[in-house]
Amino acid sequence: DQQVKQNSPSLSVQEGRISILNCDYTNSMFDYFLWYKKYPAEGPTFLISISSIKDKNEDGRFTVFLNKSAKHLSLHIVPSQPGDSAVYFCAASITPGTYKYIFGTGTRLKVLA
Amino acid sequence: SAVISQKPSRDICQRGTSLTIQCQVDSQVTMMFWYRQQPGQSLTLIATANQGSEATYESGFVIDKFPISRPNLTFSTLTVSNMSPEDSSIYLCSVEPREGQPQHFGDGTRLSIL
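Here goes a summary of the coordinates provided.

Cut-off values and rules
Residue numbers here run from 1 along each chain, matching the order of that chain's written sequence. Chains and ligands are labelled by the order in which they are written, letters from A for the one and numbers from 1 for the other. Per-residue local features are limited, in this predicted model, to residues with pLDDT of at least 70; the limit for side-chain atom pairs, both in listing and counting, is 80 or more; totals at the level of whole chains, interfaces and linings are taken over all residues. Side-chain metrics in this entry use all non-hydrogen atoms of the structure; hydrogen atoms and water are not considered. A run of DSSP states H or I qualifies as a helix once it reaches four residues; a run of E qualifies as a strand once it reaches two. Both are numbered from the N-terminal end. The globule rule used for comparison is 2.2 Å times the number of residues to the exponent 0.38, while the radius of gyration itself is calculated over C-alpha atoms. When DSSP finds at least two bridges between two strands, those strands are taken to pair. Interaxial angle, 0 to 180 degrees, is taken between N-to-C directions of lines fitted to C-alpha atoms, where a helix line uses only the stretch in contact. The aromatic pairing rule takes the rings of Phe, Tyr and Trp, using the six-membered ring of Trp, and pairs them if the centres are within 6.5 Å, calling planes under 30 degrees apart stacked, those over 60 edge-to-face and the rest tilted. Relative accessible area decides the class of each residue, using a 1.4 Å probe on protein chains only: under 20% of the type maximum gives buried, over 50% gives exposed, and in between gives partly exposed. Think of a patch as exposed residues, more than 30% relative accessible area, with no salt bridge, where like charges cluster within 9 Å and nonpolar side chains (Val, Leu, Ile, Met, Phe, Trp, Tyr) cluster within 5 Å. Here, Shrake-Rupley sampling with a 1.4 Å probe gives the accessible areas, and only protein chains in the shown set may cover a residue. Each salt bridge in this description consists of a side-chain nitrogen of Lys or Arg and a carboxyl oxygen of Asp or Glu lying within 4 Å of one another.

**A look at the overall build of chain B**
When its secondary structure is counted, chain B shows 0 helices and 11 strands. When the elements of chain B are put in sequence order from the N terminus, they spell out β-β-β-β-β-β-β-β-β-β-β. For chain B, the C-alpha radius of gyration of 13 Å lies close to 13 Å, the compact-globule estimate for 114 residues. Across its three principal axes, chain B shows a C-alpha extent of roughly 40 × 25 × 20 Å.

**Some points on the sheet that holds strand S8 (residues 75-80) of chain B**
Strand pairing in a sheet relies on backbone hydrogen bonds, with the paired strands running either antiparallel or parallel. Residue and element names in this part refer to chain B. Reading across from one edge, S1-S3-S8-S7 is the order of the 4 strands in this open sheet, with antiparallel pairing throughout. In the strand order of this sheet, the two ends are held by strand S1 (4-7) and strand S7 (68-72), each with one partner. Taken pair by pair, the neighbouring strands of this sheet meet at an average axis angle of 15°, ignoring direction. Across 4 bridges, S1 lies against strand S3 (residues 19-25) in antiparallel orientation. Looking at the pairing, Ile 4 lines up with Val 25 of S3.

**Some points on the packing of aromatic side chains**
Within this structure, the stated rule accounts for 12 aromatic pairs over all chains. Aromatic pair B:Phe61 and B:Phe66: ring centres 5.6 Å apart, planes at 65°, arrangement edge-to-face. Here B:Phe61 matches B:Phe66 in class, with each residue buried. In this structure an aromatic cluster arises from ring pairing among A:Tyr36, A:Phe46, A:Phe89, A:Tyr101, A:Phe103, B:Tyr35 and B:Phe105.

**Concerning a nonpolar patch on the surface**
Residues and elements named next belong to chain A. On the surface, Ile 18, Ile 20 and Val 78 cluster together into a nonpolar patch covering about 220 Å² of accessible area. Counting through the fold element by element, Val 78 comes out in the loop between strand S8 (72-77) and strand S9 (86-93). Judged by relative accessible area, which is 40%, Val 78 ranks as partly exposed.

Structure representation (structure tokens):
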């Protein structure tokens, strides 16, 4: 049972435009969500997180939106840059600091120059 | 943030053999974690390793297949035992730099079994 789903395996976006990566979850107990970015031959790098008490968190070009009723979160990258080309994983856990992260299968983002 | 060094970065092994993967952190951390990423799949937690106690394994993973050591607060090893082609994966260690902070990952070990 895949509790965290990223239904788009890949996404291509023109440089300077907005990239929107989506993630759905099924477990209503999840209350902390994270996005990681992964380049080839490197480990995942933490990008941004959001607690369920918020519906938006922003850090520079990256914004995460959380819709609890729909069990859906999205990552917006504005403006997209070629260096953003990577695989993006969303992850969820029950409480902040809890070790058990449940990861989605990832979305490969390609930003075209 | 914690700097994590994982060795080896990749290996090709024969069926039936075992391989030990090392994870070194540049600071003392309480919790270290081992994940597996099978081809085309998500990252799956194998076990949590705390210093001074036995590792806690997730459902589907057992100590006989994936023995883990945690001799101190900066180091851990994961052994993949009696390997078969189904064990071909990327194995990653991660740490929680401070309580409540997001996990930081090593670069992983890409393992192929012939």
